[in-house]
Amino acid sequence: MTPIKKAYGYVTRMKEGKTQVLVFQHPISAAGIQIPKGTVKPNESTYHAVIREIEEETGLKDIHIEYLIAQDLWENDDGAIHHRFFYKISVTTASNEWDYEPTGGEEEEGLTFHFFWISSENEVELIRGHGDYLKLVFD
C-alpha cells in the first residue's frame with residue numbers, strides 16, 4: 001500500500017516577542033482542534049501543497065514557508081499510512097482570531113473553521129498527530 005502524502009503547516013507569528021502558532025476549532029466537535037493540513041495532489045510537491053492548503057483552509061495569502069520541520073510515516077485511525085510533511089510557515093499580518101469557510105471543497109464544504117493563536121505546546125489539546133512536532137516550533 002502506497003502511503004498517502006499529507007502536508008501540515010505550523011503557521012507562526014511573533015506577538016510581543018513570543019512565537020504563536022495558528023490552530024482552529026473544527027465545527028464537528030469530534031474533529032477537535034487542528035492545524036491546517038491536507039492531502040497532496042498527484043504530481044504536486046509537498047511545498048506547493050502546504051501553500052495551497054493554508055490558503056484554502058485559512059484564507060491567509062501573505063505567508064512565507066520557512067523550512068520543512070520533519071517528515072514521517074504515521075498510521076491514521078482508519079489504518080491508512082500517511083507520509084506526513086510538517087512545515088514551519090510565518091505570517092506577518094493576521095487577526096487575533098477569525099472564522100473562515102474553507103474553499104477546498106469536498107468534506108469541508110459548508111463548514112466554518114474558527115482560527116486562533118496558541119503561545120505554548122500545551123495550551124490546547126490538538127487532535128491526534130497534529131501536535132507531534134509542535135515542540136520544535138516553540139523551542
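These numbers come from a predicted model, not from an experiment. (Residues numbered from 1 in each chain as written. Predicted model: local features only at pLDDT ≥ 70, side-chain atom pairs only at ≥ 80, totals over all residues. Heavy atoms only, no water.)

Caption draft 1: The pairing of strand S6 (residues 81-91), seen in detail. Taking burial as the measure, the 11 residues of S6 include 9 buried ones, the bulk of the element. Taken together, the 9 bridges between strand S1 (residues 4-15) and S6 define a ladder with parallel strand orientation. Bridge pairing in S6 links Tyr10 to Lys88. Where strand S5 (residues 63-75) meets S6, 11 bridges bridge the pair, whose relative direction is antiparallel. (Buried < 20%, exposed > 50% of the residue type's maximum accessible area, 1.4 Å probe, protein only. Helix = DSSP H or I, 4+ residues; strand = E, 2+ residues; numbered from the N terminus. Pairing = 2+ DSSP bridges.)

Caption draft 2: Highlighting the nonpolar core. With 20 residues, the main nonpolar core has Val11, Leu22, Val50, Ile54, Leu60 and Ile89 as its most contacted residues. When residues of this core are traced back to their parent elements, those giving at least two are S1, strand S2 (18-25), helix H1 (46-58), S5, S6 and strand S8 (113-118). For this core, the element with the most residues is S6, which contributes 4 residues. Ignoring sequence-local partners within four residues, the contact set of Leu60 consists of Val11, Leu22, Ile54, Glu55, Thr93, Ala94 and Trp98. Counting 16 residues, the second-largest nonpolar core is a separate cluster that includes Phe86, Ile118, Leu126 and Val137. (Core = buried A, V, L, I, M, F, W, Y, C linked by side-chain atoms within 4.5 Å. Contact = heavy atoms within 4.5 Å.)

Caption draft 3: How the structure looks around the packing of aromatic side chains. Following the criterion strictly, the structure yields 8 aromatic pairs and no others. Ring geometry for Tyr8 and Phe86: centres 4.3 Å apart, planes at 20 degrees, overall stacked. In this pair, Tyr8 is assigned in strand S1 and Phe86 in strand S6, connecting sequence segments 78 residues apart. One exposure class covers both Tyr8 and Phe86, and it is buried. A cation over an aromatic ring shows up here: Arg84 above the ring of Tyr8, its NZ or CZ 5.6 Å from the ring centre. (Phe/Tyr/Trp six-rings, centres within 6.5 Å; stacked < 30°, edge-to-face > 60°. Lys NZ or Arg CZ within 6 Å of the ring centre and 35° of its normal.)

Caption draft 4: Main features of the side chain of Lys6. Here Lys6 shows up in strand S1. When its relative accessible area of 12% is taken as the criterion, Lys6 is described as buried. A distance of 2.6 Å separates the side chain of Lys6 from the side chain of Thr39, its partner in a polar contact. (Polar contact = N/O pair within 3.5 Å; in protein donor to acceptor, adjacent residues only side chain to side chain.)

Caption draft 5: Region of the structure containing H1. Here H1 contains 13 residues, and its C-alpha end-to-end distance of 18 Å stays within 8% of the 18 Å for a straight helix at 1.5 Å per residue. Looking only at H1, the buried set comprises Thr46, Ala49, Val50, Arg52, Glu53, Ile54, Glu56, Glu57 and Thr58. Just downstream of H1 lies Gly59, where phi reads positive at about 85 degrees. (Expected span 1.5 Å × (residues − 1).)

Caption draft 6: The arrangement of the pattern of salt bridges in detail. Summed over the entire model, instances satisfying the criterion amount to 7 salt bridges. The shortest N-O distance in the salt bridge between Arg128 and Asp77 comes to 2.7 Å. Residue Arg128 is found in the loop between S8 and helix H2 (134-138), and its partner Asp77 is found in the loop between S5 and S6; the two are separated by 51 residues along the sequence. Residue Arg128 is classed as partly exposed on the basis of its relative accessible area, which comes to 46%. (Salt bridge = Lys/Arg side-chain N within 4 Å of Asp/Glu carboxyl O.)

Caption draft 7: Broad picture of the environment of Ile35. Relative to the helices and strands, Ile35 resides in the loop between strand S3 (33-34) and strand S4 (37-39). A residue is classified by how much of its surface remains accessible, and Ile35, at 0% relative accessible area, is buried. For the pair Ile35 and His130, spaced 95 residues apart in the sequence, the C-alpha separation amounts to 6.4 Å. Discounting chain neighbours no more than four positions away, the residues touching Ile35 are Tyr8, Gly9, Tyr10, Leu22, Val23, Phe24, Phe86, Leu126 and His130.

Nothing here speaks to function; it is all geometry.
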